[in-house]
Structures are given as C-alpha cells and as structure tokens.
Amino acid sequence: MNHLLSIEDLDREAIERIIAQAERFSEVSDREIKKVPALRGRMVLNLFYEASTRTRSSFELAAKRLSADVVNFAASGSSVEKGESLKDTVLTLSAHKPDAIVLRTPWAGAAELVSKWCSAAIVNAGDGKHEHPTQALLDVYTLRRRLGQIDGASIWIVGDVAHSRVARSNVLAFQRMGAKVTIAGPPTLIPRGIEQLGCEVRYTLDELPSADIVYALRMQHERMSETWVPSMREYAAWYQINARRLTARQILMHPGPVNRGVELSGEVVDSPQAVITAQVEAGVVVRMAVLYELLAGAREPRPAADRPADRSTMAETSVLGGSPSR
Amino acid sequence: MNHLLSIEDLDREAIERIIAQAERFSEVSDREIKKVPALRGRMVLNLFYEASTRTRSSFELAAKRLSADVVNFAASGSSVEKGESLKDTVLTLSAHKPDAIVLRTPWAGAAELVSKWCSAAIVNAGDGKHEHPTQALLDVYTLRRRLGQIDGASIWIVGDVAHSRVARSNVLAFQRMGAKVTIAGPPTLIPRGIEQLGCEVRYTLDELPSADIVYALRMQHERMSETWVPSMREYAAWYQINARRLTARQILMHPGPVNRGVELSGEVVDSPQAVITAQVEAGVVVRMAVLYELLAGAREPRPAADRPADRSTMAETSVLGGSPSR
Amino acid sequence: MNHLLSIEDLDREAIERIIAQAERFSEVSDREIKKVPALRGRMVLNLFYEASTRTRSSFELAAKRLSADVVNFAASGSSVEKGESLKDTVLTLSAHKPDAIVLRTPWAGAAELVSKWCSAAIVNAGDGKHEHPTQALLDVYTLRRRLGQIDGASIWIVGDVAHSRVARSNVLAFQRMGAKVTIAGPPTLIPRGIEQLGCEVRYTLDELPSADIVYALRMQHERMSETWVPSMREYAAWYQINARRLTARQILMHPGPVNRGVELSGEVVDSPQAVITAQVEAGVVVRMAVLYELLAGAREPRPAADRPADRSTMAETSVLGGSPSR
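Residues numbered from 1 in each chain as written. Chains lettered and ligands numbered in written order. Predicted model: local features only at pLDDT ≥ 70, side-chain atom pairs only at ≥ 80, totals over all residues. Heavy atoms only, no water.

**Examining the overall build of chain A**
Next, step 1: From N to C terminus, chain A includes 10 helices and 9 strands.
Next, step 2: The buried share among the 326 residues of chain A stands at 65%.
Next, step 3: Taking as baseline every contact in chain A between residues at least 6 positions apart, the subset at least 24 positions apart corresponds to 74%.
Next, step 4: When the accessible surface of chain A is summed, it comes to about 11700 Å², and 49% of that surface belongs to carbon and sulfur atoms. (Helix = DSSP H or I, 4+ residues; strand = E, 2+ residues; numbered from the N terminus. Buried < 20%, exposed > 50% of the residue type's maximum accessible area, 1.4 Å probe, protein only. Contact = heavy atoms within 4.5 Å. Areas by Shrake-Rupley, 256 points an atom, 1.4 Å probe, with all protein chains shown as cover.)

**Considerations on the environment of E200 of chain C**
All names here are of chain C.
Next, step 1: With respect to the element layout, E200 can be found in strand β7 (residues 200–202).
Next, step 2: Owing to a relative accessible area of 35%, E200 belongs among the partly exposed residues under this scheme.
Next, step 3: When the C-alpha atoms of E200 and A184 are compared, they prove to be 8.5 Å apart, with 16 residues separating the residues in sequence.
Next, step 4: The residues contacting E200, other than those within four sequence positions of it, are K180, V181, T182 and I183.
Next, step 5: Among the polar contacts made by the side chain of E200, one reaches the side chain of R202 at a distance of 2.9 Å. (Polar contact = N/O pair within 3.5 Å; in protein donor to acceptor, adjacent residues only side chain to side chain.)

**Structural notes on helix α6 (residues 165–176) of chain B**
Residue and element names in this part refer to chain B.
Next, step 1: With 12 residues, α6 extends 17 Å between its outermost C-alpha atoms, agreeing within 8% with the 16 Å of an ideal straight helix rising 1.5 Å per residue.
Next, step 2: Extensive coverage of α6 is indicated by the burial of 9 of its 12 residues.
Next, step 3: Within the span of α6, buried status applies to R165, V166, A167, S169, N170, V171, L172, A173 and F174.
Next, step 4: Looking at the buried side of α6, the elements it contacts are β3 (100–105), β4 (121–127), α5 (133–147), β5 (154–158), β6 (180–184) and β8 (213–216).
Next, step 5: Looking one or two residues past α6, G178 carries a phi angle of roughly 95°, positive in sign. (Expected span 1.5 Å × (residues − 1).)

**As for the pairing of strand β6 (residues 180–184) of chain A**
All names here are of chain A.
Next, step 1: Where burial is concerned, most of β6 is hidden: 4 out of the 5 residues are buried.
Next, step 2: The sheet contact formed by strand β5 (residues 154–158) and β6 spans 5 bridges and is parallel. Of the residues in β6, the one forming a bridge with I157 is I183.
Next, step 3: Traced from β5 through helix α6 (residues 165–176) to β6, the parallel crossover comes out right-handed. (Pairing = 2+ DSSP bridges. Right-handed = clockwise from strand over helix to strand, strands pointing away.)

**Some words on the domain arrangement of chain A**
Residues and elements named next belong to chain A.
Next, step 1: On domain assignment, one finds that chain A holds domain 1 (7–132 + 283–314) and domain 2 (133–279).
Next, step 2: Listed by partner, the interface residues are 31 residues for domain 1 and 27 residues for domain 2.
Next, step 3: With both chains or domains summed, domain 1 and domain 2 bury close to 2500 Å², and 59% of this area falls on carbon and sulfur atoms.
Next, step 4: Summed over the shared surface of domain 1 and domain 2, the number is 5 salt bridges.
Next, step 5: With a shortest N-O distance of 2.8 Å, D151 and R12 are connected by a salt bridge. (Domains from an automatic or database assignment. Buried area = accessible area lost by both parts, 1.4 Å probe. Salt bridge = Lys/Arg side-chain N within 4 Å of Asp/Glu carboxyl O.)

**Examining the nonpolar core**
For soluble globular proteins, nonpolar side chains are generally found buried alongside one another.
Next, step 1: Counting 73 residues, the largest nonpolar core has F25, L137, I157, F174, I183 and L291 of chain A as the members making the most contacts within it.
Next, step 2: Discounting chain neighbours no more than four positions away, the residues touching L137 of chain A are L4, I7, L10, I15, I18, I19, V286 and V290 of chain A. (Core = buried A, V, L, I, M, F, W, Y, C linked by side-chain atoms within 4.5 Å.)

**Examining the pairing of β5 of chain A**
Residue and element names in this part refer to chain A.
Next, step 1: Of all 5 residues in β5, 5 are buried; the element is thus mostly enclosed.
Next, step 2: Covered by surrounding structure in β5 are S154, W156 and V158 together with I155 and I157, the residues of both alternating faces.
Next, step 3: In terms of strand pairing, β5 meets strand β8 (residues 213–216) through 4 bridges, oriented parallel. From the neighbouring strand, I157 faces β8, where its bridge partner is Y215.

**As for the packing of aromatic side chains**
Next, step 1: As enumerated under the stated definition, the model contains 12 aromatic pairs over all chains in all.
Next, step 2: The aromatic ring of F59 of chain C is capped on one face by R287 of chain C, whose charged end is 4.8 Å from the ring centroid. (Phe/Tyr/Trp six-rings, centres within 6.5 Å; stacked < 30°, edge-to-face > 60°. Lys NZ or Arg CZ within 6 Å of the ring centre and 35° of its normal.)

**Some points on the side chain of E263 of chain A**
All names here are of chain A.
Next, step 1: Inspection of the secondary structure puts E263 in the loop between β9 (251–253) and α8 (266–269).
Next, step 2: In this structure E263 is buried but unpaired, with R218 as the nearest side chain of opposite charge at 4.8 Å.
Next, step 3: Beyond its immediate chain neighbours, meaning those up to four positions away, E263 contacts L217, R218, M219, Y235, Y239, Q240, I241, H254, P257 and V258. (Lys, Arg positive; Asp, Glu negative; His and termini not counted.)

**As for the environment of E32 of chain B**
Next, step 1: Positionally, E32 of chain B belongs in the loop between α1 (12–29) and β1 (43–48).
Next, step 2: A distance of 3.3 Å separates a polar atom in the side chain of E32 of chain B from a polar atom in the side chain of R42 of chain C.

**Thoughts on the sheet that holds strand β1 (residues 43–48) of chain C**
In any sheet, the strands associate via hydrogen bonds between backbone groups, in a parallel or an antiparallel arrangement.
Residues and elements named next belong to chain C.
Next, step 1: Spatially, the 4 strands line up as an open sheet ordered β2-β1-β3-β4, and their pairing is parallel. Both edges of this open sheet fall to β2 (69–74) and β4 (121–127), since each of them pairs with a single strand only. Each strand of the sheet is rotated relative to its neighbour by a mean of 15°, with strand direction disregarded.
Next, step 2: In the packing of helix α3 (residues 86–94) onto the sheet, contacts are made with β1 and β2, and the angle to β1 comes to roughly 160°.
Next, step 3: Together, β3 (100–105) and β4 form the strand contacts of helix α4 (residues 110–117), whose direction differs from that of β4 by roughly 160°. (Axes fitted to C-alpha atoms, helices over the stretch in contact; angles between N-to-C directions.)

Next comes the structure, spelled out in structure tokens:
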C-alpha cells in the first residue's frame, strides 16, 4: 500500500489489517503518555484546500502521536490564492520531501492525480464529492468495536447522498465488510445510478425499522440556497432521524458536525444509540494506522534495521512497547 | 487543582504555589536550552473562539517548553462556522483525549461549562468579560519579582473596567495577595456594584499619587462606536497615564497590547516604571507552572513511577534538572 | 554572523560557508530520517506580516529538521490588527526569548530595525521591496549544484524588477559569486539608477541568447490595476520567456509561484532547462544552513560543552552523524 486514495483500492484483507493496527494503537490512546516513536523523523504535510479543522486536527494528532513532524499548509493565504495551479503547488511542496501528504480538495480525483506527480505517500482526506476513505475506515472500526462483526448487518445511509463523499466511501467499505447497504433520502439528493454500487435505494424511511445501523449524513446549510429541498423544515419532517424513528436496538452514526434539529433531533444525538463521539475517537487511531501502514509498513518493513547508529532505536521500534516517545 | 477556571477558586496558598513553581521555571527560560521534559507525551489543545495570537502563542510556548505537544484549533474556519454548538465541538475534541484544553471564548462562564463536559483539564484563557486568571497570576508574579511582597500595596486599576475580564481577575488576585485595590475610570466604564468585590471606586485620577502600582487597562478602539466615552481624545485627557500623572516611585502595568497615546502616553510605556515587557515574559513561565500544576502535579504525583519501561525517565523527571529536553 | 538581514552584509567567503553547510545538510534531506538534533531545544519564531505559506513553510521545515521548536505568529488575527506597532509586537515577542525570529514584512528596512530592538537572531525573510537574502542564497546554491561554479557566467534577471526584493538580493549575490548580471524588462518596471549595483540594463530581450542563465521574476497580477504595463498580454508579447526565446543550453530560474502564460510559458516551466523545483528544494537546506550558522555556529561554537548533564549529547552533536533525531 503506497497511497490511500479510495476505498475502491482496498480489499477486505487490507481493511482488516488497518482495523487491527488501529486496535493496537487504541491501547496507546488510553495511556497517560499517548505517543509512540514509530514515525520519528518523518514529515507529514497537511495540504488543505478546504477549511476542515476537524479532519485536519485529527490527522495532525495522529501524526504527532506517532512522533512524526507535521506542517500545515492551508491553501488560503498561500500562493494558491495567487492563482498557482494544483500541480505547481504540489511540485513545490514535494521538493520539501514530505513523507506523506494528507490532501483535502474540492476536486474529485485530485488525490489520484497528485499521487502521480510526487513520491510522497498520498492520503485522500476528501476529494470533492468523490471519496473520503479514512472516514469510511473509522466508521468500520467503530462498528467493529461495537458489534464484533459487520457481516450481514443492514446499514441505512440517510440524507444528502448526492453531495457526500462520505456516502460513496462508506457504501463501498460497508459492503466490503459484508454489510447490506440501503441509501435513503429525497429523490433530488440521491444520484441516479447509485444502485450500481450494489446498494438498495429508498425514497422514504418507511422501512427504516429494518435497519441495524442508521447512518445520517450532514445537510449542507450553505447549499440550501440551491433548491435541492424545499426547506430544512420540510427535509426534517420527512427524513430527520428522531426518537420516533430510531428504535432502541439500532445504532446511530453521523460523520459530524451535526446540525441538531435538521438531519438529527437533539434527543437522538445524546441517546445511548449514538456512537458519534466514538467515531471521532476512532478517527485518530485509524489515521495513526493509515499513516503507519503507509510510512512504516510498506516502505520500511523493519525500521530499526537502517538506523544502526542510534543505539536506542532497537528498544524503541517496538511500536506498542512500553517506552513512551521521547 | 483539576482546572483553572477562575481566580475565585484559588486561595492564597494555591497562588503562592503557582508563583513558586513559575519562579523555578524562570531559571529554565534563562538557559540556552529552554526545555524540560516534564510533560513529554502530553497533548495540550488550544481552542480559541477569539483571535488572540499573544495569549495563544504564550500558552503554546509554555506547553512546548514542557515538551508537551500542542494542537491549535481556531474556531474560525472550522465546523464552528458551520453552526456547531460549543458543546458538540468540545465533545468532538475531547474524543481526541487531550490532556488539557486552553479555552478562549466570548462567553462568560464557558470555561466552567466545558469543564463539566469533558475529562481534560480546562484552563480558562478568557471567557467574555468574566475572567482571565492566568493574566492575573502573571501580574502577581511580576509584582512579586519586583517588590518582594504585595501585602499592603495600593494598586489602582484604571480604565475600561466594564469590558475587561482582566480587571475582574486582577481585583480578586491582588486582594488575595494582601493588596488594597482601587478601580478608577469614567462612570460609564465602571460596572455598578463592583465595590462588592472589596475594592474602592474613583471617577477621577486626583488621588492617583497615593498608588504604589498603576495598572492601566486597554481601551477597545472597536467598541468606541458605542458611545461609552465621547472620544478617545476626551478619554485620554481625563484618564491617560502619562509622565505628568505617573510618579517616579510608582510601578506601571498594562496587559497589552498598548494603545500608545490613548490609555498610556508613549513616554511612560518606555519609562523605567513600566514592567510591561516583564509581564509578557512572566506569561510563559506562569503558564508553564499552571500546566505543570494541572498535568504533572495533581494527576500524576510521581510521573516517573508509571513509566518504568523508559529507562531514562528517572533522570529526566527532575523537572529542573540539568538535562535538556530531547 | 549574528543576523541575516541583507546580502550586502555577506562577503563571498560567508556565502561560500553557508553554501557548504547547505551541501552537508542536503545529505540529511536524502535520508529516510530527515532530522538532526543540531538545534534541539531552540525556539524559532516565524513572524509574518504578509501571507507567504511557501516561505514560511520552508523555514518551518528547516527549523524542524534541525529539531528546533517553531512558533508561527501571523500578524493577521493578532494584536497587530488591533493597531499595535511593530516595535511593541517585537518587544512582546522577544519577552518570550526566541532564539531566532524569521521576519517577513512589507516595510523596507524592518528587519534591520528589529535586530536593534531584541537579542534574538533576526532572519530577513523579505522586507518590502528591499531584500530577500535567503532567496538569493538558495539561488546561488542551486546554480552551484548545476554548474559547479558561477564565476564568469552571464545571468539575465527579467521582468518586474521595480517591485521585486528578489531582484535586488540576487543582483548582489550573483555578483559576489563572480557572475555578470544584466537586468531586463519594460522601462516602467526597471528602477532608475539600478546600474549603480554594478549590473547592465536592457529594455528588450534582443541579446537574451547571450545569457547562460535566465532568471524570470514573477509578475504581480494584483498590481496590474496600477498601470505599470498596458496589459499582461502585452507584457507577455515582449518579455515572456518561452520556447522561442529560451535556448537549449540556458538554465531557467524563477522564484515561484509561477504565472504560467505570463512571465513564463507553460512549456518552458516543464522543460529540462528549468531548475525551479530544485530551487524550492534548495530552500529548505539553505535555510537549515542559515539557522545553523546563526544559532549553533556563532553563538555556541561547541554546543556539547555547556550541556554536560546530558550524557547523550556528546554523540548527538555531530550534526551530520548517523544518529536520527529523537
């Protein structure tokens, strides 16, 4: 695994491997000292063309817990604003020789393009409406922790599928893990032909009680000037997940940030069925696992081997050993 | 001490303890290598809902000098702008398991609320017009270094008390340390009932010569569209601290940034009476002391004990030992 | 060398020393672990009054590769916006005792002023239209790597010289290294009296084929509302470096970011003559060399000597030794 561009590139075995690594890292997150020296001396560059402090800080924390150095490069306020092309920006930044570039852009396919322009490992942190693979992986991880296994589970993804990169990545990942996925929402927000991914489509929530997991998507306030739905109130009346629609045995997920009162009622956000905070928590350990897989795993199978001069390395490269990062 | 929310929560002994710890850290600041490994592997999250590069960078430096990792989370450009509530933001961020959250918000009482929602140690770095406790502590520290002791000193706090969180914290802290505090300024900028804090109130500077310490508050240019004072010129005529009003034996303090020509004349800013730079300098060591008190002191009395696998820890946990941070 | 304010302050020997140090650091950049512990425990403060993510991130990377801590202080969103003077900002920040301040401002001479106000080493990262010395040093470094030596080479600097701090620093540096420099561009964009620097001036590109190196400057889109040139199209017709004007034996340089289709055609940017990416790459190692020269070299000739308590220091202070930074 050289890059993480899309869930499409991952088979079940690869997903299982990342999940298992994340499980090991979750033990680190419970310690007093939450760092391991696994990626000491490596440089992770966060290149964000869209503001997303949540995703950016999750990757930043993941990298820092692995003792990597992080440089944040926000496209606003940079030469990007002076009209520089994505290609020139990437060529410039890769001259800095980062080990990994975490990339968020509004353009579908950008992560894949960038992976052809430079030698760093590329992590797609969202490319337009296309994919957001680490979100899907952290959702799989969260479900595995809660359910043990996902095979055979019925997962409903509800809401604005058309504008959601999360939806696309999650349909693919949940299916890889053996779940049966149903997409539900107003016809204006369900892309035509989405069934080709292998999922079912519903335009009402009538059959929602059959779901084991309800995954609500975020409604984009800012897009509502476009006339995708008559109003937020109208949307909520038909598709909001609330106490009336959510049963006690179902699990409720949401990629955050939640619009309370729109796609979710406040009461279900705070209900025991909700695993929304667990999803955020999973974000750090899953991203640690992805960075570790890309930078320590594939490229440097035995990290200690090529650092003979550092006498203390042998003891430290046990990633999950007792030794805190120094 | 689990949080630092308000000076009200601190008795004199607690303040003395922080001051004493800051004194020890000030030796570190004079070294070539200004770091100690006291909080290695800990994560400090700066959550700022108001731009304040000064306070933020002071906390950032303090954390880094203790070898903690720092993640800055500016509310602008984040999901906060997408309408997320403070509670959801805090729940999300605490899923990242920071050891401390340094919080600056425009809302009085926010820090206390947040301390109930998550397990991290909360440091109030300003909550609306309510409190700014580390400012008060660094001011106490600065005076102690200059005067030896504060007991019995007469301190005048002059200016826009109504809009100042600094004023409120400082009245409390100076009084705890035995000083006699007088508040002075135009009646429109002195909140009614402030005497209940135990201070005196004056509406002119006629008795200013009796003060040992003159503490000028910052006038908020941006608020002058509101008609609190007729004009900056009018304010300066009545309340500016200048060479005519400041005596040679007085100490001049200001929380920064100074409006030269408004609350202070340029000449007094640069005078030997001014300890404004010393206050900034104190900011880093006092914030180091606060973070250390919260993260190393209360929660982990003997930090070495639970890190047996790290053989070098024993030597390093002497916070002020000769070993620079690695 | 206490500061890097201007190329004027550097004789050929000083430039050679920095270049040689950068060459040694370039070996570090090719390693798996790109860090050395040379400036561990030192604090570098990036104080930027103009947005420049490229230059800022290049300095940030350089400092981190030397294991220094970095604090970024962007003037926007800070007390600077509240009207604080440069002097007060610098006095405040130097109370934090940074070891170096990397300063970018729109004001010619600001770096020199600041160097008089505080004890930190000042690195001028651009002061208005005056100088940008690390750009010149990295350009010299790039040419040395490509050509072996610069003595006797003919270098043409083409474009908007009037608004360019790069031009001024580069004329000086290239001449110090023995090159013959010609300035070329429209008369409105060539400052009067520039010949006094010792360079020739041309208003057309007729003699461009005689150049060994063509150094194109960036046209500032944003300034074209001012009527320096009739239009970008008109500028390009007369002064764009394109395949018709660039010969196969010439080297093409540009400080970035490039306006494709304005000062350079897309085809020459991607041509083998272009060393633009090499320039960016040189930026990190040259800035490492500058920081090392300022912080490890001059001030602490034998860094190990005053840190006796740290037993591992002796082995680590071999800057380019095999031991990765921990």
